[in-house]
Amino acid sequence: MSARPGVSARGGADVNAAGSSPPATPAGAAPTVAWRASEDDGCGALELLDQTRLPHESVVLRLTDVASVRAAIGRLSVRGAPAIGVAGAYGLVVAAQTGPAAPAEFREHLTSAADRLRTARPTAVNLAWAVDRCLDSVAEMDEPTQIRTRLLAEARTIHAEDEAACAAMGRHGATLLRDGASYLTHCNTGRLATAGIGTALGVLITGHDAGLELEVFVGEVRPLLQGSRLTAFELQERDMRGRLLPDSAAAPLLRSGRIEGVFVGADRIARNGDAANKIGTYGLAELAHAHGVPFYVVAPTSTLDPSLDNGDLILIEERAADEVLAFGQARAGPVGFPVWNPAFDVTPAHLITAIITERGIARPPFESALAQQFLGA
Ligand code: MRU
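Reading guide: rules and limits
Residues numbered from 1 in each chain as written. Predicted model: local features only at pLDDT ≥ 70, side-chain atom pairs only at ≥ 80, totals over all residues. Heavy atoms only, no water. Near = heavy atom within 4 Å. Polar contact = N/O pair within 3.5 Å; in protein donor to acceptor, adjacent residues only side chain to side chain. Areas by Shrake-Rupley, 256 points an atom, 1.4 Å probe, with all protein chains shown as cover. 1 Å grid on protein atoms, 1.4 Å probe; cavity = no way out; pocket = protein on both sides within 12 Å on 5 of 7 lines; lining within 4 Å. Sits in = over half its atoms within 2 Å of the grid points. Nonpolar A, V, L, I, M, F, W, Y, C, P; charged D, E, K, R; others polar. Helix = DSSP H or I, 4+ residues; strand = E, 2+ residues; numbered from the N terminus. Contact = heavy atoms within 4.5 Å. Domains from an automatic or database assignment. Buried area = accessible area lost by both parts, 1.4 Å probe. Salt bridge = Lys/Arg side-chain N within 4 Å of Asp/Glu carboxyl O. Pairing = 2+ DSSP bridges. Axes fitted to C-alpha atoms, helices over the stretch in contact; angles between N-to-C directions.

Asks: Describe in detail the site of the ligand, supporting the description with residues and values.
Replies: Close to the ligand lie 17 residues, the nearest being Arg-79, Ala-81, Arg-121, Asn-277 and Lys-278. One of the backbone N or O atoms of Gly-80 is found 3.0 Å from an oxygen atom in the ligand. Take Asp-267: an N or O atom from its side chain is 3.0 Å from an oxygen atom of the ligand. Surface burial for the ligand is 100%, taken as the share of its 410 Å² of free accessible area covered by protein chains. Counting atoms within 2 Å of the grid points, the majority share of the ligand lands in the largest cavity. For the shell around the ligand, the residue count by class is 7 nonpolar, 6 polar and 4 charged.

As structure tokens, this is what we get:
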């Protein structure tokens, strides 16, 4: 017998009983990524909720050229591996709207736009994956108008698939939660990072929606504050119980015994299960391991990169020194002081308890578990 609706007899989320998944975008909020079709000329624009302005301002960007899409991805107006994949797919549609009429030149224009989009951020494999998938979908076509129509259909499919994958990851992951427990998450992996409810945060949102009473701890995530600006905002938006901590407080928190699990997302997962994610994730994984706390990585299969044997081969994006030498608009360090600002780190597979994808929960050894999930076995 369940203690409350949505809570199973063993105290976890009874997600089936809870019915459908929570909405990706809460009522009245602007979606993270959207395609706005224009009624007059059959063309459209990529709309992005500008995350550099959150949580204080809700500003929607309307982008109609590839340079603007690339720049928006680069400055993190849209961020989070699945969300930049969807934005990259629509970015190619934007490119197709502005190309030359002659088929050969149009093809060249599209290939060069794909290169510019694919390289806007190097670590999240979802970006290159989505752009290449769109390009492949028109490989056999010549006629620009047909190509445009096909690219938009493919981008919309990628968008819808990511939303569905988030809901599925949420349902699988929520079975690992316990009513009344506290969890730690890192960076932002919710609706602002995907086309759905999110990956790691989506699991916690699904549990909350099913009726579990959860407390979500979230680190600030220096230097760009995805934790305090975005995850705290999402928790508040959904009326979830959260608590913000400075990144440097994670060690005593994990030592305290209050945290029952750490849930993080990923930007690229190698064949052996090594997972790249926001800088600071690896440190949390070591701490969780040292204190016997389960460490879960939640990511759609579009984040798996079977071409890489292990995480040492993942290219880690390094970002501008100014992000560290400043705190928002305020200067924090001496101008010109040398900085090392890697945006991601790699958590070795041996520190990961399970990887949750839309196809289920993979446990070590990951190489075979992930291969099976890829094959859908
Ligand atoms: O630099 P960001 O904000 O794009 O980094 C995002 C992350 O590291 C996320 O954890 C990851 O992309 C997974 S998002 C569901």
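Asks: I'd like to hear about the side chain of Arg-79, residue by residue, with values.
Replies: Mapping Arg-79 onto the fold places it in the loop between helix H1 (66-74) and helix H2 (81-97). A polar contact of 3.2 Å, which involves the side chain of Arg-79, links it to the side chain of Gln-51. Among the polar contacts listed, one links the side chain of Arg-79 to the backbone oxygen of Leu-192, at a separation of 3.5 Å. The contact partners of Arg-79, leaving out residues within four places of it in the chain, are Gln-51, Ile-84, Arg-121, Cys-187, Asn-188, Leu-192, Ala-193, Gln-226 and Leu-230.

Asks: Which residues make up the domain arrangement of the protein chain, and what values go with them?
Replies: Each domain of the protein chain was delimited in the assignment, giving domain 1 (33-164) and domain 2 (170-373). Contacts between domain 1 and domain 2 engage 24 residues on the former and 30 residues on the latter. Summed over both partners, the interface of domain 1 with domain 2 buries about 2,200 Å², with 54% contributed by carbon and sulfur atoms. Of all residues in domain 1, Arg-79, Thr-123 and Val-125 give up the largest surface area on contact with domain 2, accounting jointly for 28% of the area buried on that side. Joining domain 1 to domain 2, the criterion identifies 1 salt bridge. A salt bridge links Glu-317 to Arg-121; the shortest N-O distance between them is 2.9 Å.

Asks: If you had to explain the environment of Leu-176 to someone new, which residues and values would you point to?
Replies: By the element assignment, Leu-176 lies in the loop between helix H5 (144-174) and strand E4 (182-185). If we skip the residues at most four places from it in the chain, Leu-176 touches Tyr-183, Phe-263, Tyr-296, Ile-356, Ile-361 and Arg-363.

Asks: How would you sum up the sheet that holds strand E9 (residues 275-278)? Please name residues and give values.
Replies: Strand order in the open sheet formed by 4 strands is E11-E8-E9-E14, with mixed pairing between adjacent strands. Only two strands of the sheet have a single partner each, and these edge strands are strand E11 (304-305) and strand E14 (344-347). Relative to E9, strand E8 (residues 268-270) runs antiparallel, the two being bridged by 2 bridges. Counted as the bridge partner of Ile-269 is Ala-275 from E9. On top of the sheet, helix H9 (residues 281-290) reaches E9 and E14; it is set at about 30° to E14, its chief contact.

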